[in-house]
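For reference, the chains in residue letters:
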Amino acid sequence: MKAKVRILDIYSGRYSVFINEKEAREAKLHPDDLVRLEAGKKTVYGSVVISSLIDEGEIGISRDILQLHNFSEGEVITVLPSGTPESVRYIKKKMNGEKLRKVEIEAIVRDIVDRKLRDIEISSFVTALEINGLDMDEIAALTIAMAETGDMLDIDRKPIMDVHSIGGVPGNKTNILVVPIVAAAGLTIPKTSSRAITSAAGTADVVEVFADVSFSLDEIKRIVEKVGACLVWGGALNLAPADDITIKAERALSIDPTGLMLASIMSKKYAMGSQYVLIDIPTGKGVKVESVDQARALARDFIELGKRLGQYVEVAITYGGQPIGHTVGPALEAREALSALMTGTGPGSLIEKATGLAGVLLEMGGVAPTGMGKKMAKEILESGKAWEKMKEIIEEQGGDPNIKPDDIPVGDKTYTFTASTSGYVTSIDNRAITGIARAAGAPEDKGAGIELYVKVGEKVKEGDPLFTIHAESEARLDQAIVFARRTEPIRIEGMVLQRIGNI
Ligand SMILES: O=P(O)(O)OC[C@H]1O[C@H](OP(=O)(O)O)[C@H](O)[C@@H]1O
Ligand SMILES: Nc1ccnc(=O)[nH]1
């Protein structure tokens, strides 16, 4: 049918098109059916919503659909029912544990990007990958398909370095330090990050607190050619566009299937033209990889995938048994990262990890002799050169380079948990910390999160503060307190752990 476009100020996160009830009945269209909208040469897909807001002969276009194509008010377009895409059959194949062929993977990725697959089918794909996994041939095909369905960056500086964490560990603001350290040494590092997947703050969520993270590829090229680095959100670019779509399903389920994770990270690196890539695998209880053996196996997969893509990959297996630094949540992490860059000091875990990773990159990029990278990274951080570089990045990304970390607003609804007994902190539960910060509103509420006053091994006295929850609303604070009470985020034990009686 032909219909006249009416633009509706509706933004639901779903690609909805609104059709008049009588017309929908005649056209045999039902709620959530997939329809094809043809406007000249452009075709986009949307899901039907039936509404009396819309007159006969009209088609209501939501703001979500407008992101796919700039329809104009009153424009006449063709609306056609669209059958189930072929790629659904391939998703079912993966559900049954079968191996997918390259063309089948390409069809799934194409349909994700074209929005022919809806949230429900995409979640099924992600779930099937979580349960049945992918082998290296499938992962390589998925990575290339994810990169090639988007744009590629060609930066006029070589070598191109890159760093990426598989994430999972709370408070992982590390790469916000690594990038300016590496760039201050003269290397080029166009860093793209995702938003939070399983955590309470992805690097893109944290950087967004003090600078813009959404740029076009041309803008990124200009920024990186000028200052040698950027810290941007991959999802804003048409760069591996399937990634941000599948991440939405992953975030809702709080899962990150290994094969998809490899493809998510490496497709972004491939599309950015990265030549030397360092992958950080935080390892420990309550994160994505719990044992060093598993981390080694994953490291081999990253290196193998890199070879297939023509990239030189190294991997750092890092300690992820407790949060990094003392803060969790976008604004709190932004404060901690900027303060560490500004002063050259900060929590041991953050400084150690950041200089350790930056050191590997300095050696990979050939600016530090083998074994000297970490020392050089530390000097760059302590001399203030990394902060100078960060200020350039902030300025180029539309932020205020004279920002003071303490001026960054954090959630003013707070509650502090204290130690109910004296003893030593024997463990901090990563999952509980993430859960509390998310319940408090992170990452969407930038000021929400947790400030930790103790780390594993430290001695505490009864009544000492352990952590403060920050939220932007009382309701969120209450939810976080309830969550915290249900879990045991920080365990305190005396030196005598248990007494076993002689019975
Ligand atoms: O911890 P979760 O949310 O699962 O993983 C997502 C985070 O991990 C990566 O970190 P980085 O950008 O390399 O620092 C992603 O880009 C993102 O910020
Ligand atoms: N799955 C992912 C994990 C970490 N970073 C990403 O970009 N993607």
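Residues numbered from 1 in each chain as written. Chains lettered and ligands numbered in written order. Predicted model: local features only at pLDDT ≥ 70, side-chain atom pairs only at ≥ 80, totals over all residues. Heavy atoms only, no water.

Peer 1: Describe the site of ligand 1, listing the residues and the values that go with them.
Peer 2: Contacts to ligand 1 come from 15 residues, most closely from Gly168, Ser193, Ile197, Thr198 and Thr203. His164 is positioned with one of its side-chain polar atoms (N or O) 3.2 Å from an oxygen atom of ligand 1. Here an oxygen atom of ligand 1 sits 2.7 Å away from a polar atom, N or O, in the side chain of Ser199. Isolated, ligand 1 exposes 420 Å² of accessible area, and the fraction of that covered by the protein chains is 96%. (Near = heavy atom within 4 Å. Polar contact = N/O pair within 3.5 Å; in protein donor to acceptor, adjacent residues only side chain to side chain. Areas by Shrake-Rupley, 256 points an atom, 1.4 Å probe, with all protein chains shown as cover.)

Peer 1: So what's going on with the packing of helix 6 (residues 136–148) against helix 12 (residues 292–309)? Residues and values would help.
Peer 2: Interaxial distance between helix 6 and helix 12 falls to 10 Å at its minimum, and their mutual angle equals 55 degrees. Classified by the angle between their axes, helix 6 and helix 12 sit oblique to one another. Here helix 6 runs over helix 12; the crossing is right-handed. When helix 6 is examined against helix 12, the residues Met136, Asp137, Ile139, Ala140, Thr143 and Ile144 are found in contact with a partner set consisting of Asp301, Glu304, Leu305, Arg308 and Leu309. Class assignment for the residues of the contact of helix 6 with helix 12 results in 6 nonpolar, 1 polar and 4 charged. (Axes fitted to C-alpha atoms, helices over the stretch in contact; angles between N-to-C directions. Helix = DSSP H or I, 4+ residues; strand = E, 2+ residues; numbered from the N terminus. Parallel < 35°, antiparallel > 145°, perpendicular 65-115°, else oblique. Left-handed = near helix turned anticlockwise from the far one by under 90°. Contact = heavy atoms within 4.5 Å. Nonpolar A, V, L, I, M, F, W, Y, C, P; charged D, E, K, R; others polar.)

Peer 1: Break down helix 17 (residues 430–439) for me, with residues and values.
Peer 2: Counting buried positions along helix 17 gives 8 out of 10 residues, so the element sits mostly inside the fold. Asn430, Ala432, Ile433, Thr434, Gly435, Ile436, Ala437 and Ala439 are the residues of helix 17 that are buried. A side-chain oxygen of the first residue of helix 17 lies 3.0 Å from the backbone nitrogen of Arg431; this N-cap is Asp429. One or two positions beyond helix 17, positive phi appears at Gly441, with a value near 120 degrees. (Buried < 20%, exposed > 50% of the residue type's maximum accessible area, 1.4 Å probe, protein only.)

Peer 1: Explain the nonpolar core to me, using residue names and the numbers behind them.
Peer 2: Residues Ile189, Phe210, Ile220, Leu361 and Met390 are the most contacted members of the largest nonpolar core, which totals 68 residues. The leading source of residues in this core is helix 14 (residues 348–364), at 8 residues. Judged by nonpolar contacts, the second largest core, of 44 residues, contains Ile108, Ile281, Leu298 and Ala299. (Core = buried A, V, L, I, M, F, W, Y, C linked by side-chain atoms within 4.5 Å.)

Peer 1: Explain the domain arrangement of the chain residue by residue, including any values.
Peer 2: Structurally, the chain comprises domain 1 (2–81), domain 2 (86–133), domain 3 (161–405) and domain 4 (413–493). Using only C-alpha atoms to locate each centre, domain 3 and domain 4 end up separated by 25 Å. Each partner contributes to the interface: domain 3 provides 32 residues, whereas domain 4 provides 19 residues. When domain 3 packs against domain 4, the two sides together hide about 1,900 Å² of surface, and 53% of this comes from carbon and sulfur. Our enumeration of links across domain 3 and domain 4 arrives at 2 salt bridges. Lys446 is paired through a salt bridge with Glu208; the nearest N and O atoms lie 2.7 Å apart. (Domains from an automatic or database assignment. Buried area = accessible area lost by both parts, 1.4 Å probe. Salt bridge = Lys/Arg side-chain N within 4 Å of Asp/Glu carboxyl O.)

Peer 1: Quick one: what's the story with the site of ligand 2, residue by residue and with numbers?
Peer 2: The full set of residues close to ligand 2 is His164, Ser165, Ile166, Ser194, Ile197, Asp256, Met261, Ser264, Ile265, Lys268 and Lys288. Here His164 contributes a side-chain N or O atom positioned 2.9 Å from a nitrogen atom of ligand 2. Between ligand 2 and Lys268 there is a distance of 2.6 Å, counted from an oxygen atom to a side-chain nitrogen or oxygen. Contact with the protein chains removes 96% of the 240 Å² of surface that ligand 2 exposes when unbound. Elements represented by at least two residues in the shell around ligand 2 include exactly strand 7 (161–165) and helix 11 (258–271). At 4 residues, the largest contribution of residues to the shell around ligand 2 is made by helix 11. Across the shell around ligand 2, the residue classes tally to 4 nonpolar, 4 polar and 3 charged.

Peer 1: So what about the UniProt feature "binding site: AMP" (unreviewed entry) in the chain? Which residues, and what values?
Peer 2: In the numbering used here, UniProt assigns the feature "binding site: AMP" (unreviewed entry) to Gly168, Ser194, Arg195, Ala196, Ile197, Thr198, Ser199, Thr203, Ser264 and Lys288. Tracing the sequence through the fold places Ser194 in the loop between strand 8 (189–193) and helix 8 (203–207). You can call Ser194 buried: its relative accessible area is 15%. Among the structural elements, Ser264 can be located in helix 11. Looking at Ser264, the relative accessible area reads 6%, which means it is buried. (UniProt positions renumbered as here; feature names shortened; annotations may be inferred.)

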